Amino acid sequence: MAEQDKKQQQINIELDEKMAEGTYSNLAIINHSVSEFVVDFISLMPGAPKGKVKSRIILTPQHAKKFLKALNDNVQRFENAHGAIKDYEQPPIPLNFGPTGEA
């Protein structure tokens, strides 16, 4: 029975060549409403007058919580294998790149 459950839970995921390259982001801005979390991944270069949203991911609150747990678990595993990740203090970035979203 357990073997049959494993077969039913397998998911095939396709990753094309362009997506496999990934997108660099050094800033994430998160907004939420009662029905969704919106995560904007931004590339902000030092000295540049503005950053650019490279990707936007929209999650249900339940998936956002699962993502938080999965990311936390992976950071803990990384630190167990490679040591603590240093968190450098950075000056606050003024975020005035458009109107505040509402849902």
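The structure we're discussing is the one just above.
All values derive from a computational prediction rather than experimental measurement. (Residues numbered from 1 in each chain as written. Predicted model: local features only at pLDDT ≥ 70, side-chain atom pairs only at ≥ 80, totals over all residues. Heavy atoms only, no water.)

## Some details on the environment of Ile-85
- Topologically, Ile-85 is positioned in the segment after helix H3 (61-82).
- Among the residues examined, Ile-85 registers a relative accessible area of 44% and is labelled partly exposed.
- In sequence terms Ile-85 and Val-75 are 10 residues apart; their C-alpha atoms lie 8.5 Å from each other.
- Those residues in contact with Ile-85 that lie beyond four places of it in its chain are Val-75, Phe-78 and Glu-79. (Helix = DSSP H or I, 4+ residues; strand = E, 2+ residues; numbered from the N terminus. Buried < 20%, exposed > 50% of the residue type's maximum accessible area, 1.4 Å probe, protein only. Contact = heavy atoms within 4.5 Å.)

## Thoughts on the pairing of strand E2 (residues 37-43)
- For E2, the buried fraction is high: five of the seven residues fall into the buried class.
- Across six bridges, strand E1 (residues 27-32) lies against E2 in antiparallel orientation. Within the sheet, the bridge partner assigned to Ile-30 lies in E2 and is Val-39.
- Here E1 folds back onto E2, and the loop between the two strands holds four residues. (Pairing = 2+ DSSP bridges.)

## Describing the sheet that holds E2
- The antiparallel open sheet is built from three strands, whose spatial order is E1-E2-E3. The sheet is open, and its two edges are formed by E1 and strand E3 (52-59), each paired on a single side. Recorded for the sheet is a direction-independent mean angle of 20 degrees between the axes of neighbouring strands. (Axes fitted to C-alpha atoms, helices over the stretch in contact; angles between N-to-C directions.)

Interpretation note: all reported values are geometric properties and have no functional meaning in isolation.
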